[in-house]
Amino acid sequence: MGRFLETVRFEKEHMPAYQFKFLYRMVLPSIIFILGGAVLCAIFTVIGAALDLMLLGLIPACIWGCVMAVLMVLIVVYSRKTSKRLIKDRTEELQSYFELIDYDKAKETLASDNIIKDGYLIVDDEADPFDTKSEIKLDDCRIEFFCKTRSGAYIYALVFFAKADNVFLTTVELDKNSYTFFSRNARLIENGDIFELFMQNRKEFITLLHKYGDTRKMRARMRKRTQKRSTRIYK
């Protein structure tokens, strides 16, 4: 119960009010009704069979079935409306927050924040008590664009690994500075097709993110689309 309440609080904090209301005022009560109704219908059916009164189980089952059908239709209709509104709102948020700024200013900020400087990634050595920093050339890094949505929260980041041994180096949160820098250096990003979509078509990006939840699933879907198009062309 504690985990459920924690999830509710988290979703209330991160979800827009209309999405939260849809989940907890429509979807959740409907699920409770469907499951509870199924149990009651089963009980009445057993009692009816025992008393040789089949109508005792048939009438509640018919009522439950009709109400459930109506609920399912309403859920589908409102789910589509909610998804459409959510995609629109989240697309607008991306457009307003991830705007390109002056490239030189972005580089200067990344350098002053000890993130990227003169083409080198600055990494903290957490094992060192004196917090020594090391510099790794960006060309020697394997960089992945990472995005994920869960319970109304959105994560956008760049994950760095060493090319030589694939060891994890660090994660850089995507903000206006890192976004502007890598918009000029997208060739360095391994899954550049997803990052390119993020830059060029925010609505399509958010639609895929909401449907598949994370970068890898989104990329797999995009590859399937590309393969289908290629097949059609060569036919």
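What counts, and where the lines are drawn
Residues numbered from 1 in each chain as written. Predicted model: local features only at pLDDT ≥ 70, side-chain atom pairs only at ≥ 80, totals over all residues. Heavy atoms only, no water. Axes fitted to C-alpha atoms, helices over the stretch in contact; angles between N-to-C directions. Helix = DSSP H or I, 4+ residues; strand = E, 2+ residues; numbered from the N terminus. Parallel < 35°, antiparallel > 145°, perpendicular 65-115°, else oblique. Left-handed = near helix turned anticlockwise from the far one by under 90°. Nonpolar A, V, L, I, M, F, W, Y, C, P; charged D, E, K, R; others polar. Pairing = 2+ DSSP bridges. Salt bridge = Lys/Arg side-chain N within 4 Å of Asp/Glu carboxyl O. Buried < 20%, exposed > 50% of the residue type's maximum accessible area, 1.4 Å probe, protein only. Contact = heavy atoms within 4.5 Å. Expected span 1.5 Å × (residues − 1). Bend = angle between axes of the 7 residues up to and from the residue. Phe/Tyr/Trp six-rings, centres within 6.5 Å; stacked < 30°, edge-to-face > 60°.

Two numbers describe how helix H2 (residues 17–51) lies on helix H3 (residues 55–97): the axes approach to 9 Å, and their chain directions differ by 165°. By the angle between their directions, the pair H2 and H3 is classed as roughly antiparallel. The way H2 lies across H3 gives a crossing that is left-handed. In terms of residue class, the contact of H2 with H3 is made up of 21 nonpolar, eight polar and two charged.

Here the focus is the sheet that holds strand S2 (residues 120–124). The strands that make up a sheet are held in pairs by hydrogen bonds between backbone atoms, and each pair lies either parallel or antiparallel. The sheet built from three strands is open, its strands ordered S1-S2-S3 with antiparallel pairing. Each having just a single partner strand, strand S1 (116–117) and strand S3 (133–137) make up the two edges of the open sheet.

With respect to topology, three strands assemble into an open sheet ordered S4-S5-S6, the strand pairing being antiparallel. A single partner strand is all that each edge strand has here, and the edge strands are strand S4 (141–150) and strand S6 (168–173). Strand after strand, the sheet turns through a mean of 25° between neighbouring axes, direction not considered. As judged from the 10 bridges shared by S4 and strand S5 (residues 153–162), these two strands associate in the antiparallel manner.

With that settled, the discussion passes to the pattern of salt bridges. Within this structure, the stated rule accounts for seven salt bridges. In this structure, Lys88 and Glu92 form a salt bridge, with 3.0 Å as the shortest nitrogen-oxygen distance. With Lys88 and Glu92 both in helix H3 and four residues apart, the pair spans about one turn of that helix. The salt bridge partner of Asp139 is Arg187, with a shortest N-O separation of 3.5 Å. Of the two residues, Asp139 sits in the loop between S3 and S4 while Arg187 sits in the loop between helix H5 (176–184) and helix H6 (192–200), which places them 48 residues apart along the sequence. Residue classification places Asp139 among the partly exposed residues on the basis of a relative accessible area of 34%. When salt bridges with common partners are traced through the structure, they connect Arg142, Glu144 and Glu190 into a single cluster.

Interaxial distance between helix H1 (residues 2–14) and H2 falls to 9 Å at its minimum, and their mutual angle equals 140°. Taken together, the axes of H1 and H2 lie oblique to each other. In this structure, H1 contributes Phe4, Val8, Glu11 and Lys12 to the contact, and H2 contributes Phe20, Leu23, Tyr24 and Leu28. A class-by-class count of the residues in the contact of H1 with H2 yields six nonpolar, no polar and two charged.

Given a rise of 1.5 Å per residue, 35 residues ought to cover 51 Å, and the 49 Å separating the end C-alpha atoms of H2 matches this to within 8%. At Val27, H2 shows its maximal bend, which comes to roughly 25°, and the proline Pro29 appears one to four places after that position. Inspection of H2 places Tyr18, Gln19, Phe20, Phe22, Met26, Val27, Ser30, Ile34, Gly37, Cys41 and Gly48 among the buried residues, and these make up the whole buried set. Its buried side turned inward, H2 meets H1 and H3. At the C-terminal side of H2, Asp52 shows a positive phi close to 60°.

Another point: the environment of Gly36. Tracing the sequence through the fold places Gly36 in helix H2. Classification of Gly36 as partly exposed rests on a relative accessible area of 30%. Each C-alpha atom of the pair Gly36 and Asp193 lies 46 Å from the other, and the pair is 157 residues apart in sequence.

Under the counting rule described, the total for this entry stands at 19 aromatic pairs. Between Phe20 and Tyr24 the ring centres are 4.7 Å apart and the planes differ by 35°, which places this aromatic pair in the tilted class. Placement of both Phe20 and Tyr24 in helix H2 is noted, with a separation of four residues, approximately one turn of the helix. With a relative accessible area of 15%, Phe20 lands in the buried category. Ring geometry for Phe161 and Phe168: centres 6.0 Å apart, planes at 70°, overall edge-to-face. On the basis of relative accessibility, which here comes to 16%, the residue Phe161 falls in the buried class. The structure contains a cluster of three or more aromatic residues connected by ring pairs, namely Tyr97, Phe98, Phe145, Tyr154, Tyr156, Tyr179, Phe195, Phe198 and Phe205.

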